[in-house]
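# Secondary and tertiary structure notes
So you can see what is in the structure, the chains are spelled out below.
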Amino acid sequence: MGKEQGQASGTRDVTAFSNPQSPIPNPRRQRFALVAGEASGDLLGAGLVEQLRARFPDAEFAGVGGAAMRAAGVETWHDASELAVMGLSEVLRHLPRLLSLRRGLRRRLLDWRPDVFVGIDAPDFNLGLERALKRRGVRTVHYVSPSVWAWREARAAKIGRSADRVLCLFPMEPAIYARHGVDARFVGHPMADAMPLNPDRRRARAELGLDDDAPVLAVLPGSRLGEIERLGAVFLEAAARVAAQVPGLQVVVPAATPGCRDAIARLPSAAHLRILDGRAREAMTAADVVLLASGTATLEAMLAKRPMVVGYRIAPSTYRIVKALGLLKVDRYALPNVLAGSTIAPELMQDDCTPANLAAAVLAWFTDPAAVAALEPVYRGLHLALRRDASASAADAVAGLVPEAR
């Protein structure tokens, strides 16, 4: 604290203590810095800021975010889109810019002196920034644990060297961090808060213009062009096989971006399906069965309470390396199966991910209504387990690191 600041602070303290009715003033407002690197992180950040503001009404918020965080009152020094880089070649092309951005951001954050820094997802960017700030005495939080439950558990210790506290979206994650001496808290999943316990399938169908009584299959081959290249033709061929066996089947394919829409439209079998611009959640809610790529969408399908079939392929060379090095620590990949501890959604991975296998698994759901009905209480239980008011829980965990709150 500088001399002038110390004198000013001392003057305020004297004034406060001369009047027994005056509250003891805070020498300055709390400051929270946040860095989010994509749309999902921007939404998480906005929810966290709203809850932190309820606890610290005069706090200041700054960092990197998007429209949602700006609307919540964050002064964004950079837009989240500047960090949203995917794919090895794209990362390499942007690496000098990203490293320069991180160095500049580190200097600015140290000058700004936040009480707590929160890195939201984007581990490749945020963990290095968190580590540098932590070494300089800034309290750090990493919000959204990387998938240490699935592969490379040793990363948990490395994350702990960067973050004073890790906020986990899934209940099995804190125990993994505990094995490495890392403070991790399960805060729940915001998607479980946002989605209703009882989805309105009839309304979803009406909004999408689907026949109320017709069978519907939602197909989601991935939200990235690389996934569509690997899985799109396989998934659409599987859907065509199902359509040949299920009279009147309506097939809907949500496309995450215009580029994804174009890629899907060029695939064989695309002529006999309906491509949607986004609206993945509505499509899954409207469907009788969902065929989708492994990833966060499987959690969304579970929360929509729909039976699903999960398929995925990665590059054969990558798969061989991962298997040979023993980096994968699980025999289940889809999040509903991991959360349930059993296979409630068929998983067809790598060589098993074929049109014939996928179609057979989808048809099994269409022809077994008793199995579909049995899923409902399982899905509901998992939904309730994840529904913890995530933004409020995360704010409590962050607030506990503010010096005045400890």
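Presented here is an overview of the structure given in this document. Quick caveat: nothing in here was measured; it's all calculated off a predicted structure.

## As for the overall build of the protein
When you go through the protein residue by residue, the secondary structure sums to 18 helices and 13 strands. Residues classed as buried in the protein amount to 47% of the 406 residues present. A fraction of 65% describes how many contacts in the protein between residues 6 or more apart in sequence connect residues 24 or more apart. When the accessible surface of the protein is split by element, carbon and sulfur atoms take 52% of a total near 19100 Å².

## Here we look at the pattern of salt bridges
Applying the stated criterion to the full structure yields 16 salt bridges. The partner of R31 in a salt bridge is E60, and the shortest N-O contact between them spans 3.1 Å. Taken together, the residues span a long stretch of sequence, with R31 in strand β1 (residues 31-36) and E60 in strand β2 (residues 60-65) at a distance of 29 residues. Across the pair D164 and R139 runs a salt bridge whose closest N-O atoms are separated by 3.9 Å. Taken as a pair, D164 in the loop between α6 (155-162) and β6 (165-168) and R139 in strand β5 (residues 139-143) lie far apart in primary sequence, 25 residues in all. Within this structure, R29, R31 and E60 form a network of salt bridges that share partners.

## Thoughts on the nonpolar core
Ranked by size, the top nonpolar core spans 114 residues in total, and within it F32 and Y143 carry the most contacts. Of the residues forming this core, the biggest block, eight residues, is contributed by helix α10 (residues 225-245). Non-local contacts of F32, meaning those with residues more than four positions away in its chain, are made with L52, F56, A59, E60, F61, A62, W112, V116, V398 and V402.

## Thoughts on the pairing of strand β11 (residues 289-293)
For a regular strand, the rule is simple: side chains alternate between the two faces of the sheet. For β11, a buried count of five out of five residues is recorded, marking the element as mostly surrounded by other parts of the structure. The side-chain alternation of β11 yields two buried faces, one formed by V289, L291 and A293 and the other by V290 and L292. When strand β8 (residues 216-220) meets β11, the two strands line up parallel, connected through four bridges. Counterpart to L220 in the pairing with β11 is L292. Inspection of the sheet shows β11 paired to strand β12 (residues 308-312) by four bridges, in the parallel sense. Paired with A293 across the bridge in β12 is G311. The handedness of the β11 to β12 crossover, carried by helix α13 (residues 296-303), is right-handed.

## Notes on the side chain of T285
Structurally, the position occupied by T285 is in helix α12 (residues 280-286). T285 has contacts with P199, D200, R201, A204, A304 and R306, leaving out every residue within four places of it along the chain.

## Looking at the sheet that holds strand β7 (residues 184-186)
The sheet built from seven strands is open, its strands ordered β3-β2-β1-β4-β5-β6-β7 with parallel pairing. Two strands close off the open sheet at either side, each with one partner strand: β3 (75-79) and β7. Between one strand and the next, the sheet's axes are offset by a mean angle of 15°, whatever the strand orientation. Pairing geometry for β6 and β7, over three bridges, is parallel. Bridge pairing in β7 links V166 to A184. Most of the contacts of helix α2 (residues 39-55) go to β1, to which it runs at about 165°, and overall it touches β1, β2, β4 (116-120) and β5. Each of β1, β4, β5, β6 and β7 is contacted by helix α18 (residues 390-399), which is oriented at about 170° to β6, the strand it contacts most.

## Some words on the sheet that holds β12
On the basis of which strands lie adjacent, the open sheet formed by six strands has the order β10-β9-β8-β11-β12-β13 and parallel pairing. Both edges of this open sheet fall to β10 (274-277) and β13 (347-349), since each of them pairs with a single strand only. The sheet shows a mean angle of 20° between the axes of neighbouring strands, direction not considered. Helix α16 (residues 355-366) rests against β8, β11, β12 and β13 of the sheet, and its axis sits at about 170° to β12.

## Examining the packing of aromatic side chains
As enumerated under the stated definition, the model contains three aromatic pairs in all. On the numbers, 5.6 Å between centres and 85° between planes, the contact of W77 with W112 is edge-to-face. Placement of W77 in strand β3 and of W112 in helix α4 (residues 88-112) is noted, with a sequence separation of 35 residues between them. Each member of the pair, W77 as well as W112, is classed as buried. A connected cluster of aromatic rings, assembled from ring pairs, spans F32, F56 and F61.

## Some details on unusual backbone geometry
Although it is not a glycine, A122 sits at a positive phi angle of roughly 40°. Looking at the secondary structure, you find A122 in the loop between β4 and α5 (123-135). On the basis of relative accessibility, which here comes to 22%, the residue A122 falls in the partly exposed class. Its identity is not glycine, yet S269 carries a phi of approximately 75°, on the positive side.

The rules behind each value
Residues numbered from 1 in each chain as written. Predicted model: local features only at pLDDT ≥ 70, side-chain atom pairs only at ≥ 80, totals over all residues. Heavy atoms only, no water. Helix = DSSP H or I, 4+ residues; strand = E, 2+ residues; numbered from the N terminus. Buried < 20%, exposed > 50% of the residue type's maximum accessible area, 1.4 Å probe, protein only. Contact = heavy atoms within 4.5 Å. Areas by Shrake-Rupley, 256 points an atom, 1.4 Å probe, with all protein chains shown as cover. Salt bridge = Lys/Arg side-chain N within 4 Å of Asp/Glu carboxyl O. Core = buried A, V, L, I, M, F, W, Y, C linked by side-chain atoms within 4.5 Å. Pairing = 2+ DSSP bridges. Right-handed = clockwise from strand over helix to strand, strands pointing away. Axes fitted to C-alpha atoms, helices over the stretch in contact; angles between N-to-C directions. Phe/Tyr/Trp six-rings, centres within 6.5 Å; stacked < 30°, edge-to-face > 60°.

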